[in-house]
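Here is how the chains run, residue by residue.
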Amino acid sequence: MNRRVLAVLAVAAGIGLAGCSAPAGLKALDREATAEDKLPESMSLTGVDLDVDAGTVRLLATDDGVRYFAARGSTAGTVCLIVAPEAVPERWRAACGGAATDEEILALTGVDGSTTKFIRDGVDASQPKYEGWKQIHENVLIVAR
């Protein structure tokens with residue numbers, strides 16, 4: 001084979017491997033589960049139209065009576081955020097999104113008007129676009145209620 005053909009094959013192979021690499025995840029989901037990671041008993045992901053792998057739920061933070069959990073999605077490359085207010089557990093909310101997004105995986109808004117942003121590892125939350133947001137975990141930003 002000539003060098004030009006070999007070079008084209010090498011570039012094509014590199015592109016193919018890059019497309020197969022695993023999406024960026026969240027370090028928080030790589031640790032072993034503890035008793036704190038258990039969802040409140042009043043919450044059940046059974047029967048809910050979510051793509052959550054319930055065995056991977058991890059508590060990220062607790063702030064002002066609200067617990068913030070992350071989990072892997074059942075679909076490859078997705079992660080989920082679960083927001084559980086302790087005083088009104090029936091108002092919990094959750095969503096899943098692609099972990100390989102730019103910076104923000106997803107945003108959730110509650111009935112009380114609070115908004116939570118789920119961000120990837122390593123995002124600089126001091127950027128001007130996050131002004132007014134409170135960072136309560138490396139992966140969680142909230143708007144003060």
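Residues numbered from 1 in each chain as written. Predicted model: local features only at pLDDT ≥ 70, side-chain atom pairs only at ≥ 80, totals over all residues. Heavy atoms only, no water.

Could you clarify how one ought to interpret the pairing of strand S1 (residues 58-63) in this entry?
Both faces of the sheet carry side chains from a regular strand, because those side chains alternate between them. Buried residues dominate S1, accounting for five of its six residues. Sheet topology note: the S1/strand S2 (residues 66-72) ladder contains five bridges and is antiparallel. Bridge pairing in S2 links Arg-58 to Ala-70. The hairpin formed by S1 and S2 contains two residues between the paired strands, and Asp-64 there has a positive phi angle of roughly 50 degrees. (Buried < 20%, exposed > 50% of the residue type's maximum accessible area, 1.4 Å probe, protein only. Helix = DSSP H or I, 4+ residues; strand = E, 2+ residues; numbered from the N terminus. Pairing = 2+ DSSP bridges.)

Sorry, what's going on with the state of the cysteines here?
Covalent bonding between the sulfur atoms of two cysteines is what defines a disulfide. Following the criterion strictly, the structure yields one disulfide and no others. For Cys-80, the disulfide goes to Cys-96, at an S-S distance of 2.0 Å. Judged by the torsion about the S-S bond (100 degrees), the Cys-80/Cys-96 disulfide is right-handed. You can see Cys-80 sitting in strand S3 (residues 78-85) and its partner Cys-96 sitting in strand S4 (residues 93-98), a full 16 residues away along the chain. Judged by its relative accessible area of 0%, Cys-80 falls in the buried class. Overall, Cys-96 belongs to the partly exposed group, its relative accessible area being 28%. (Disulfide = S-S within 2.5 Å.)

What is shown is where atoms sit, not what they do.
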